[in-house]
Amino acid sequence: RIGTGQTARGELRIQRALVAIEVALSLVMLIGSSLLGRSLVRLAEVDPGFAPGGLLFVAPTAPSRIWGDSAATENYVTAALRELRGIPGVASVSGSNTGMFDGSGSSSPIRLVGEPDDAPRRDVQQRVVLPDYFRTMRVPIIAGRGFSSSDNSSSEHVAVISAAEARRDFAGVDPFGKRVTWQLHDWTVIGVAGDVHYSGLATDFQPTIYIPDGQWG
């Protein structure tokens with residue numbers, strides 16, 4: 001049996017230990033909050049590569065009855081874009097096959113037309129976009145041009161590459177008019193777009209190829 005005085009002293013030691021634990025946890029939380037705050041400040045200072053102000057991102061879903069029907073899907077998209085553009089205050093509407101910061105991007109190999117077959121493999125991020133994509137997102141075209149409605153299935157296959165892709169595969173060379181092989185097709189580079197942090201503000205810029213929706217599929 002433990003005496004009353006011993007019990008009191010034991011409880012006091014426990015209380016002090018709890019206080020010490022609480023203080024330690026408070027310090028950890030305070031330090032963690034401070035580090036998180038600094039990280040958020042740093043991320044807020046990162047240029048995403050596009051102008052987010054005034055942009056609204058939506059993920060429309062086509063009715064299941066038209067799945068697999070390319071003509072019906074195209075008509076659905078055309079009608080949806082027309083309705084969106086008719087909303088008062090809407091300045092521009094476009095679209096892409098992947099979202100922003102949602103991990104939906106993918107990559108695949110790219111080659112320069114004419115390079116040796118044993119050249120090292122290089123991958124690019126890929127985005128299939130509608131006309132006016134760069135204007136809507138306010139991604140700068142730093143050389144050449146973006147896409148228009150004339151870039152369709154009956155015209156030459158064209159592509160816009162990101163500045164990161166231009167630096168990697170066309171170092172010291174003007175990429176305008178050069179041809180690349182991607183997804184079993186040859187594409188002529190018509191423009192270079194500014195880099196965009198598609199995967200997140202904490203990630204590096206990735207070499208990216210943009211393809212007009214009218215020439216995809």
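A short tour of the structure in this document, coming up.

About the thresholds
- Residues numbered from 1 in each chain as written.
- Predicted model: local features only at pLDDT ≥ 70, side-chain atom pairs only at ≥ 80, totals over all residues.
- Heavy atoms only, no water.
- Patch = residues over 30% accessible without salt bridge, like charges linked within 9 Å, V, L, I, M, F, W, Y side chains within 5 Å.
- Areas by Shrake-Rupley, 256 points an atom, 1.4 Å probe, with all protein chains shown as cover.
- Salt bridge = Lys/Arg side-chain N within 4 Å of Asp/Glu carboxyl O.
- Helix = DSSP H or I, 4+ residues; strand = E, 2+ residues; numbered from the N terminus.
- Expected span 1.5 Å × (residues − 1).
- Polar contact = N/O pair within 3.5 Å; in protein donor to acceptor, adjacent residues only side chain to side chain.
- Buried < 20%, exposed > 50% of the residue type's maximum accessible area, 1.4 Å probe, protein only.

1. Quick look at a nonpolar patch on the surface
Phase 1 of the analysis: A cluster of nonpolar side chains, contributed by Leu84, Ile87 and Val90, occupies part of the molecular surface with about 210 Å² of accessible area.
Phase 2 of the analysis: Residue position: Val90 is located in the loop between helix H2 (70–85) and strand S1 (107–112).

2. Some remarks on H2
For an α-helix, 3.6 residues make a turn, and residues three or four places apart therefore share a direction.
Phase 1 of the analysis: Between its first and last C-alpha, H2 extends 22 Å over 16 residues, near the 22 Å set by a 1.5 Å rise per residue.
Phase 2 of the analysis: A distance of 3.3 Å separates the backbone nitrogen of Ala71 from a side-chain oxygen at the start of H2, and that oxygen is part of Asp69.

3. Let's talk about unusual backbone geometry
Glycine aside, negative phi is the norm for most residues, and most peptide bonds take the trans geometry.
Phase 1 of the analysis: Phi at Arg138 is positive, roughly 55 degrees, even though this residue is not glycine.
Phase 2 of the analysis: Residue placement: Arg138 occurs in the loop between helix H3 (133–137) and strand S3 (141–144).
Phase 3 of the analysis: Even without a glycine there, the phi angle at Leu184 is positive, about 70 degrees.

4. As for the pattern of salt bridges
Phase 1 of the analysis: What the rule picks out here adds up to 10 salt bridges.
Phase 2 of the analysis: Where Arg111 meets Asp117, a salt bridge forms, and the shortest distance between an N and an O atom there is 4.0 Å.
Phase 3 of the analysis: Classification of Arg111 as partly exposed rests on a relative accessible area of 26%.
Phase 4 of the analysis: The salt bridge partner of Arg122 is Glu115, with a shortest N-O separation of 3.0 Å.
Phase 5 of the analysis: Three or more residues are tied together by salt bridges with common partners; here these are Glu115, Arg122, Glu165, Arg168 and Asp169.

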